[in-house]
Amino acid sequence: MKLKFRIHYSTPWGQSLHVAITYYSDDGRTRNYLLPMTTDDGEVWTVETSVMESRQRPITSLTYHYQVMDSEGHLLRKEWNKVPRLYAFDSTRDYYFPDCWRDVPLQAHLYSHAYQVANSGKRHTPVTMMRMPLFRRTIIFRVSAPQLREGETVGLCGSHPAIGSWSPSRFLKMNPIGDSEWMLSVNIEGMPLPLEYKYVVVNTKTNQLNAWEEGDNRSTFDAEMRDGEVLVLYGESLRVAESEWKAAGVAVPVFSLRSEHSFGVGDFGDLLRFTDWAADVGLSIVQLLPVADTTTMHSWTDSHPYNTISAFALHPHYLDLEQLPPLHDTEHTVAYNRQRRELNAMDYSDYMAVDKVKMAYVDEVYAESGKAVLEDADCQAFMAANEEWLMPYAAFCILRDMHHTARFADWPDHVVYDEQQIRSFLQEHAKDFGRICFIQYHLHRQLSAAVQHAHDRGVALMGDLPIGVYRDSVETWQHPEFFDFGAQIGTPPDQESYNGQNWGFPPYRWTDAEDRHDTMAPHGIFAWFRRRMAHLEQYFDALRLDHTVGYFRIWEIPDHAVLATMGHFHPALPLSEEEISRTGLVFRRDLHTRPFINDGILERLFGIHANYVREHFLIRQQYGLYALREEYDTQVKVRNHFGGLTDENSLWIRDGLYRLIANVLFLEDLHIEGMYHPRFMVYNEPVYEILSAEEKDAFMRLYNNYYYERHNAFWAFGAEQLLEGILDGTRMLVCAEDLGMLPSCVAQVLERQRILSLEIQAMPKQPGYEFAHLEANPYRSVCTLSTHDMPPLRLWWEENLGRTQRYYAVMLQQQGKAPKQLPPHLAEQIVARQMYSPSMLCILALQDWLAMDVELRHSNAADERINSPYDMYNPWRFRMRPTIEQLLDATKYNTKIRTMAKHSKRK
C-alpha cells in the first residue's frame, strides 16, 4: 500500500517541507515517521511512501500534518493541526492526498471552547475515525464547516449525475465526523475526471438546500485514477459566511465574590452561584484572575494572585467550606459560623484573618474525615493523575512551613529537588502530605462542579495565565533549568512610573529549549508549558494571556538591581562598540557604562546630604569625578545597607543612590559580553547632559532606531515561534493583554495567531488620540472599560476632572459641565456604548456593571479599586458590595442588563 502526498507551498532557499505521519494500531500503539518532501520548482512538494504493515498489529488509522524545516533540520513552522487530518486505513488501497497548507483559520474562534459553550452549553466533540465505504475507485470528500448553525448539515452537489448534476434537490448528504468536520465517499467508477462540485448547506428538518457555498466551483484533478486508489480531497473550509458571534461578560476575581455562604472571601461555591446571575442577565463569559496558590508566608502579601508558587495547585482560600464533610462538634460549628458572619460583614476581604479561620476549619475537618476521603477511589484517582505536580507542591509547602520561609535558598543545603528524596520525605510526613492532597482534591472537585454548572447555563469561564512565576516557587525549585536566576522581569519606565516596575519573577529560558514543536517530548520548558495549558483547560474555556508583549520581548532587570531603570529588553540585538561609534558617538566604555558622578549631580540629587554621600559612599577620582565604593556599587547593596530605615533622610539618600547607580548611557548585555543597550529614557538623566549637541543628536538617532525600528522583524519571528509552541493544541479562546508600550509588530502577530486584542477607550493604541473611537475596534478583540490594574470607571471619572470634562463633551456628546461623580444614567450610557462596539467580546469589570445602580455599587468609588501596580504595598482585598443573592433579586437592574445584551446582539 502506498501513500502519496502533494502540497503547494512556497519556500525560500534552504527550507524544505516534511510530512509527519502517525500510524495507529488497534492495540493502541503508534508509529511516527517524518518524511522529507521533494520539489522541482520550490512551489509544489511531493512525497510517496510505502506502508509496511505488521500482521500482529494491523494499522487502523493514520494522521498527518506538514511542517517546514531549515537546512540543519530545525523545525521552523508547522501547519494548524487542532482539527487533525485523521483517516481510516485500508492496507489494500493506495491513497493520494493533494492538500493545501492550513494556517490558523480566520474562523478559529468558532473552534474554541468559549464559542461552543456559549452557544450550545458544551465543548466540542473531537474528530472520530469513521470508516467510509471504499470502491474500486473512490473519492473521499471532506470539508470543515464550523459556521453551521443548529439544524444545518452539509451536502455535496456537482457536475456529474452521480453527485447531483447541479440540481438543488439531488445533493448528497455528508456524514458528520465530529468537530464541525464532514465527510463523504463517492464511487467514481466510470466517471470522467475532472469533476466540478460545491458544498451546500442543508436544512436538517426539511432536507431542503439552504445555500450554495460562494466562490468558484471546486475541481478534482484531470488525471485517470487507478483501480484500488482513493483520492482524498480536503481543501479550504466551507465558503459560507458565518453569523457574526458577539458575546458579553463580566470580570471579577474569585476573592471578590460575596454570598450569604461566604467565609470572608469568595470561593468556588460562590463562583457557581455567580454564574447563575451571569446566565440570567445574558452574560456568556465570566473572567477570573489567577486562582493558583500564592501562599509564601501566610501574610497579606500572599493576596497578590500573580505571585503564584505553583502553576498547578489551586488556592486553599477558595475552598467552599460548606461542601466539605460537616464537623462532628456542634459547638465548634456554631463558633465558626459566628466567625463567618463577622468576616462577611467586612467591606473588604481580610486575607490573614480568612487564612487563619479557614485553615483552622480545614484542619478540624481533615482530622475527622481526612482518612476516609483519601481512601475514596475518586480521590485516589485524582492523586494518581496529578502526581507529577502534586508531590513536589506538597513537599514545597511542608518545607516552607517547617522552615517558616518559601525561600528555598534559606532551607538546609540537603533540601534540593530530587524525585526519589521527595517521595521518601513525603512518606516521613504522610499526615501533612495527606492534608495537602485533601485540600487540592476538594478544590478540584468544587471548581469542576462550578465549571460544569456554568456550562449547563451556557456560561464560559475565562482564566488568566500570569507572565511569570514567583521566584521562590515549586516550579523554580523543581525546574531551575527553565529560569534565569541572574535576572528578574518587570516593565520599563513610563509616564506613570518614572522607575518602571520590577516584579521580581525570574525570566524563562526559552532560547535553550529544543521542544518547541515536539508535542511528544516529555521534558523541556515547552512540554511543561503545554502541561500547564492542559491543566488550565480542564477548567477554563478562554484564557487571558497576561502581559502578552512579554512573549515578544521581556523587560529584563539584572538581579543586582532594584529599579527597573537598570533593565533592557530580552531577547534583543545589542550594539557592539563599533556599531555605536559608527553613528557618530565615539564609544568610551568607562564614561558611558559606569555611573557618571560629579559635584553638580551630587548637589542636585542629595542637596544638604551631598557632603555626607561624598564621605560615606563615594571615592574621589580625577577631573572632579567620583566612583561608588565597592560596598555600595549596586542597588541591591544600597537597599541592604538601608534595610529597616524608614526616616525621610535615609530614604532620600537611598533613592538618590539608586538613581546615581542608574546614571549611565549604556547598559552591558547580561548574556553577551562586550555588547550594549542604550539605557531606556536616559535622556532624562544627568549623564545625557554631558554630551555635546552633536553627540546628543547621534545618540538619539541610535536610541530611536534601537527601540522603535531595529527589533520589529526579530521580535515578530520569535513571538510567533513562542506562541505557536505554548498554545499548540489548546482550544481555549486566547485573549491578549496587549497594553502599554508595544512594538509595531504585535498587532500583526496577534492577527495571524487569531488571538484577541484588548481595547480600552481610555488607552488608545493610535498615537495622537486621548480616547479611542469604539467604532474602530477590530472584531477580533475584547472591549472593556478597565482592568484590575486600573481605576474602575467611577474612580477614573473622579481622578482627573479635566480629562473627564473632555470625555463628557467629546465622546459622550454632552453639553455643560461634567458632574464630579459619575451618576448611574451616565454609567449606563458608557456601558451601552461598549456593548454596541464591533468587538467580539465585551467583558466589563463587575464594578463597572454595578456603576449603573446606586444601591448596588460601593458608596466610595476608591473602595472599588483592586490593584495599583505602582504601589508595592497594595493588598488585593476588594469585595463586591451586594451578595450574589441580592444581585439575583435585583429585578429592575437585571432586566436592564438583559435588555442591553439582547439589543446589542450579544445574547
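Residues numbered from 1 in each chain as written. Predicted model: local features only at pLDDT ≥ 70, side-chain atom pairs only at ≥ 80, totals over all residues. Heavy atoms only, no water.

Let us now look at the side chain of Arg553. In this fold, Arg553 is placed in the loop between β24 (542-545) and β25 (554-558). In this structure, Arg553 is buried with no salt-bridge partner, the nearest side chain bearing the opposite charge being Asp494 at 10 Å. Within the structure, Arg553 has its side chain in polar contact with the backbone oxygen of Met741 (distance 3.1 Å). (Helix = DSSP H or I, 4+ residues; strand = E, 2+ residues; numbered from the N terminus. Buried < 20%, exposed > 50% of the residue type's maximum accessible area, 1.4 Å probe, protein only. Lys, Arg positive; Asp, Glu negative; His and termini not counted. Salt bridge = Lys/Arg side-chain N within 4 Å of Asp/Glu carboxyl O. Polar contact = N/O pair within 3.5 Å; in protein donor to acceptor, adjacent residues only side chain to side chain.)

In this structure the tally under the stated criterion is 55 salt bridges. Its salt-bridge partner being Arg226, residue Glu229 comes within 3.7 Å of it at the nearest N-O pair. By relative accessible area, which is 10% here, Glu229 ends up buried.

Tracing the backbone shows Arg620 in strand β28 (residues 618-620). On the basis of relative accessible area, Arg620 is assigned to the exposed category, the value being 58%. C-alpha separation for the pair Arg620 and Asn598, spaced 22 residues apart in sequence, amounts to 9.4 Å. Within the local environment of Arg620, its side chain forms a polar contact with the side chain of Tyr626, the two groups lying 2.7 Å apart.

When the terminal C-alpha atoms of helix α19 (residues 712-727) are compared, their 22 Å separation across 16 residues agrees well with the 22 Å that a helix rising 1.5 Å per residue should span. Most of α19 sits out of view: twelve of its 16 residues are buried. (Expected span 1.5 Å × (residues − 1).)

Looking now at the pairing of strand β16 (residues 209-212). When strand β15 (residues 196-203) meets β16, the two strands line up antiparallel, connected through three bridges. The residue bridging Val201 from the neighbouring strand is Ala211, located in β16. Linkage of β15 to β16, two consecutive antiparallel strands, is achieved through a turn of five residues, within which Asn207 is found at a positive phi near 60°. (Pairing = 2+ DSSP bridges.)

This brings us to the packing of helix α4 (residues 351-375) against helix α8 (residues 430-456). One way to put it is that α4 packs onto α8 with a least axis distance of 9 Å and a crossing angle of 95°. Classified by the angle their axes make, α4 and α8 are roughly perpendicular. Note on element contacts: α8 touches α4 through Lys431, Gly434, Arg435, Cys437, Phe438, Ile439, Tyr441 and His442, opposite Met359, Val362, Asp363, Val365, Tyr366, Gly370, Val373 and Leu374. Residues belonging to the contact of α4 with α8 are distributed by class as follows: ten nonpolar, three polar and three charged. (Axes fitted to C-alpha atoms, helices over the stretch in contact; angles between N-to-C directions. Parallel < 35°, antiparallel > 145°, perpendicular 65-115°, else oblique. Contact = heavy atoms within 4.5 Å. Nonpolar A, V, L, I, M, F, W, Y, C, P; charged D, E, K, R; others polar.)

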